[in-house]
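Residues per chain are reported as follows:
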Amino acid sequence: MELSEDDLALIQVLQSSPRLGWADASKVLGVHATTLAARWERLASSGAAWVTAHLVGDPQQMLLAFVAVDCEMHQRDSVTAQLAAVPEIVTVEEAASNRDLMLTVITKSLDEFSSRVVSRLKAIEGLTKYQTALCTRLHTSADEWRLNVLDRTQLATLRTLGASAGARTRGPDPQGELPASHLDLLPYLARDGRATAADIARGLGRHPATVQRQLNRVLASGILLFRCEIAQAYSSFPVTCQWFANVPAGRHEAAAAEIRTISNVRLSASTTGPTNFVIIMWLQSLADVMNAELALQQKVPDIELVESVVMLRTVKRVGWMLKEDTTSSGAVVVEAGGLPAAE
């Protein structure tokens with residue numbers, strides 16, 4: 001399967017506003033709403049693109065961690081499969097470096113990280129070592145990454161339609177913590193970020209009007225990011241590289257602002273551990289690793305790039321299990337009352 005320019009344009013519209021209605025999307029792209037709906041169904045059913053919802057992963061509200069794992073080579077596949085089955089381990093990648101796997105983990109607290117994740121790591125046969133870096137500030141996450149195929153007129157139309165609808169909502173829910181009845185909606189939104197109240201009501205066996213009220217509160221709560229993903233092989237950026245860096249104390253916010261201007265960046269975060277800053281980019285080729293490092297040095301002259309890690313394969317991305325060709329398998333690892341967080 002190949003993606004056309006029209007396919008990529010639709011994906012970028014949904015990157016900007018994942019829950020945008022087809023009638024509004026047609027105003028951006030100049031294509032009939034029914035045609036766009038059919039086009040999206042083709043993309044989603046093939047695993048080329050999908051819309052998901054995940055917890056924001058803000059360290060002020062929860063724990064976000066990056067975990068490096070070593071394992072016995074002959075048990076690598078088994079270790080990888082067991083790690084991918086843990087809902088709190090939201091992303092699993094095979095690395096070409098001095099660690100075998102890189103994990104992204106989200107839990108409600110440090111205690112939960114110890115009880116629900118570390119305990120699982122220790123119990124997996126063949127897993128020989130792990131090292132954890134805790135996120136202290138999430139500067140950029142992958143919901144901000146764009147394909148950059150829309151023209152200025154289309155982008156302007158998106159802005160006038162309120163393209164931020166369904167994206168990050170700032171601040172805590174003014175009505176307090178969401179009750180369990182509302183948290184029941186989260187796995188449905190993880191599996192389909194465009195799910196309507198009627199879709200969810202059928203799954204839960206509730207009245208659509210009740211679910212609509214619950215959905216409105218969930219959307220307004222600020223705990224979720226909605227994100228349109230594309231199979232990396234179709235993105236023109238098939239290479240993932242992660243850098244571990246040091247930035248001087250007091251310079252993190254300024255450095256993050258500069259790094260945010262680099263269009264390839266998928267994630268930047270301040271962390272604990274041997275280094276204090278993590279950057280992830282999608283690149284067109286391995287040759288671009290050096291170009292990216294040059295761009296980072298030019299943007300942030302006092303950054304120290306300690307190590308670069310190229311990912312060989314992404315097994316799981318924010319809860320979604322991927323095939324070898326980077327398309328979605330359709331399987332999403334969630335548990336009742338919870339769902340994945342940032343990449």
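Structural data are supplied above this passage.
Residues numbered from 1 in each chain as written. Predicted model: local features only at pLDDT ≥ 70, side-chain atom pairs only at ≥ 80, totals over all residues. Heavy atoms only, no water.

Novice: Whenever I open this one, the packing of aromatic side chains confuses me. Can you help?
Specialist: The geometry of an aromatic ring pair is captured by the separation of the ring centres together with the interplanar angle, meaning the angle of the planes. In total, this model carries three aromatic pairs according to the counting rule given. Centre to centre, the rings of W145 and F237 are 5.9 Å apart; their planes meet at 90°, and the pair counts as edge-to-face. Taken together, the residues W145 in the loop between β5 (127–140) and α6 (152–160) and F237 in the loop between β6 (224–230) and β7 (239–246) connect sequence positions 92 residues apart. You'll find W145 and F237 in the same group, each marked buried. An aromatic cluster is built from W145, F237 and W282, whose rings are joined through pairwise contacts. Sitting over the ring of W22, R194 keeps its end group 4.1 Å from the ring centre. (Phe/Tyr/Trp six-rings, centres within 6.5 Å; stacked < 30°, edge-to-face > 60°. Helix = DSSP H or I, 4+ residues; strand = E, 2+ residues; numbered from the N terminus. Buried < 20%, exposed > 50% of the residue type's maximum accessible area, 1.4 Å probe, protein only. Lys NZ or Arg CZ within 6 Å of the ring centre and 35° of its normal.)

Novice: Whenever I open this one, helix α12 (residues 288–299) confuses me. Can you help?
Specialist: Each turn of an α-helix holds 3.6 residues, which means side chains three or four residues apart point in the same direction. Helix length check: α12 (12 residues) gives 16 Å between terminal C-alpha atoms against 16 Å at 1.5 Å per residue, within 8%. Its buried side turned inward, α12 meets β7, α11 (252–259), β9 (277–283) and β10 (304–317). (Expected span 1.5 Å × (residues − 1). Contact = heavy atoms within 4.5 Å.)

Novice: Just to check I follow, could you spell out the pairing of β6 for this structure?
Specialist: Taken residue by residue, a regular strand's side chains alternate between the two faces of the sheet. For β6, the buried fraction is high: seven of the seven residues fall into the buried class. Here β6 shows two buried faces, one formed by L224, F226, C228 and I230 and the other by L225, R227 and E229. Relative to β6, strand β1 (residues 49–55) is paired through seven bridges, and the arrangement is antiparallel. Residue pairing in the sheet places L55 in a bridge with L224 of β6. (Pairing = 2+ DSSP bridges.)

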